[in-house]
Amino acid sequence: MSQKELLADTTASCGKCGSAPPIEFQFAYQPIIDLKARVVFAHEALARGPNGESAWSVLSQVNASNRFRFDQDCRSKAIQGAAALGMAESLSINFIPNAVENASACIQRTLRTAEACRFPLSKVIFEVTEGEKLRDPARLVEIFREYRKLGIKTAIDDFGAGYAGLSLLANFQPDLVKIDMDIVRGADSDSARQAIIENIVSLCGRLGIVVLAEGVESMGERDYLASAGIDLMQGFLFARPCFMAIGVVDPAAWGQL
């Protein structure tokens, strides 16, 4: 099936994906590194305009009438782009839980795309931002459980900055929790931020959840996070998002062995 056919193959079972015109966009990919292993763990797909314009230029077009179509297109295009680039690592994709009417039905196009692109489901991570105000939190738990049955990993993005928080963790434990960049920023010299981060690490450790710090921009932040037991990191210190390309980590960002 061609890329055009895949994008046109919207999930008709919920009746909401095919009626809205598509939003034109592409992806930039940003590495997520494992500092301890000194390897790239995954790449996050970040929406950009068709010529590399900002994420806001795309996301500002999403509304109640097209969010179902946009969510489906994001999943397919991210996987297609990763496969075309020969991505060997995992792929992290943001999704819109309020655009999922039925977890089993709305994953079908993603499954067809992954199969057509020969991109393993075990390398797909679906992440939802904690800042997404959920109409029905119980539905997100249902969605996450459906994805887990398929071998897809799950993540909560922007943890500590939104609506879901601890109540979501009480009902479902995702594979990953991404600490919000506002908590990470300057944490190497801020005792309040350190207390929050260290308690998140302790909590997630007890729940079997891997912690990832996003928005890492300085060596001081990197070194503090490593000392707090966080191996997975993402941020401009390591690599900026690369438009329609796989980012390369700055060798100096790994630090000394």
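Okay, so let's go over this structure. Worth saying up front: this structure is predicted, and the values here are computed from it rather than measured.

Right, let's get into the environment of Ile96. The residue Ile96 is located in the loop between strand E3 (90–94) and helix H4 (103–106) in this model. Spatially, the C-alpha atom of Ile96 lies 6.1 Å from that of Asp71, the residues being 25 residues apart in sequence.

Under the counting rule described, the total for this entry stands at 12 salt bridges. Ionic pairing is found between Arg222 and Asp223, a salt bridge with its closest N-O pair at 2.8 Å.

Before going further, it helps to examine the nonpolar core. Counting residues in each nonpolar core, the largest one holds 63 residues, and the members touching the most others are Leu91, Phe95, Ile197, Leu225 and Phe238. Discounting chain neighbours no more than four positions away, the residues touching Ile197 are Ile179, Ile183, Val184, Ala187, Tyr224, Leu225 and Ile230. In terms of nonpolar packing, the next biggest core, distinct from the first, is built from seven residues, Ala42, Ala155, Leu212 and Leu232 among them.

Roughly 860 Å³ of internal volume is contained in the largest pocket. If you go around the largest pocket, you meet 33 residues; those closest to its centre are Glu44, Leu46, Leu59, Asn94 and Asp157. Here the lining of the largest pocket takes five residues from strand E2 (residues 39–48), the largest share from any one element. Of the residues that constitute the lining of the largest pocket, the class distribution is 16 nonpolar, six polar and 11 charged. Of the voids in this model, the second largest pocket is the one considered here, and its volume is about 220 Å³. Around the second largest pocket sit 12 residues that line it, and Gln26, Lys77, Gln80, Gly81 and Ala84 are the ones nearest its centre. Going through the elements one at a time, strand E1 (26–34) and helix H3 (67–84) are the ones with two or more residues in the lining of the second largest pocket. Looking at the lining of the second largest pocket element by element, the count peaks at five residues for H3. A class-by-class count of the residues in the lining of the second largest pocket yields seven nonpolar, four polar and one charged.

As a further point, take the packing of aromatic side chains. Throughout the structure, instances matching the rule amount to eight aromatic pairs. Taken together, a centroid distance of 5.2 Å and an interplanar angle of 35 degrees make the contact between Phe144 and Phe172 tilted. Of the two residues, Phe144 sits in helix H6 (residues 137–149) while Phe172 sits in the loop between helix H7 (165–171) and strand E6 (176–179), which places them 28 residues apart along the sequence. Take Phe144: its relative accessible area is 0%, and that puts it in the buried class. Residue classification places Phe172 among the buried residues on the basis of a relative accessible area of 5%. Taken together, the ring pairs in this structure connect Phe95, Phe126, Phe144, Tyr147 and Phe172 into an aromatic cluster. Note that Arg75 overlies the ring of Phe126, its terminal NZ or CZ placed 4.8 Å from the centroid.

Attention shifts here to H3. With 18 residues, H3 ought to run about 26 Å at 1.5 Å a step, and its terminal C-alpha atoms sit 25 Å apart, in line with that. Judged by how many residues are buried, H3 sits mostly within the fold: 15 of 18 residues are covered.

In terms of burial, strand E7 (residues 210–214) is largely enclosed, as four of its five residues are buried. Looking at chain direction, E6 and E7 are connected through four bridges and run parallel. For Val177, the partnering residue across the bridge sits in E7 and is Val211. Judged from the three bridges that link them, E7 and strand E8 (residues 232–234) form a sheet pairing that is parallel. Each residue of the ladder has a partner; that of Leu212, found in E8, is Leu232. As a crossover connection, the stretch from E7 through helix H10 (residues 219–227) into E8 is right-handed.

This paragraph deals with the environment of Arg145. Residue position: Arg145 is located in helix H6. In this structure Arg145 comes out as partly exposed when scored by relative accessible area, which is 47%. A sequence separation of 28 residues divides Arg145 from Gln173, and the C-alpha atoms of the two residues are 9.7 Å apart. The contact partners of Arg145, leaving out residues within four places of it in the chain, are Asn171 and Phe172. For Arg145, the side chain forms a polar contact with the main-chain oxygen of Asn171, separated by 3.2 Å.

With respect to the helices and strands, the residue Thr110 is situated in helix H5 (residues 108–117). Dropping the residues within four chain positions of it, Thr110 is found in contact with Arg75, Ile79 and Phe126.

Cut-off values and rules
- Residues numbered from 1 in each chain as written.
- Predicted model: local features only at pLDDT ≥ 70, side-chain atom pairs only at ≥ 80, totals over all residues.
- Heavy atoms only, no water.
- Helix = DSSP H or I, 4+ residues; strand = E, 2+ residues; numbered from the N terminus.
- Salt bridge = Lys/Arg side-chain N within 4 Å of Asp/Glu carboxyl O.
- Core = buried A, V, L, I, M, F, W, Y, C linked by side-chain atoms within 4.5 Å.
- Buried < 20%, exposed > 50% of the residue type's maximum accessible area, 1.4 Å probe, protein only.
- Contact = heavy atoms within 4.5 Å.
- 1 Å grid on protein atoms, 1.4 Å probe; cavity = no way out; pocket = protein on both sides within 12 Å on 5 of 7 lines; lining within 4 Å.
- Points joined across faces, edges and corners; volume = space filled by probe spheres on them.
- Nonpolar A, V, L, I, M, F, W, Y, C, P; charged D, E, K, R; others polar.
- Phe/Tyr/Trp six-rings, centres within 6.5 Å; stacked < 30°, edge-to-face > 60°.
- Lys NZ or Arg CZ within 6 Å of the ring centre and 35° of its normal.
- Expected span 1.5 Å × (residues − 1).
- Pairing = 2+ DSSP bridges.
- Right-handed = clockwise from strand over helix to strand, strands pointing away.
- Polar contact = N/O pair within 3.5 Å; in protein donor to acceptor, adjacent residues only side chain to side chain.

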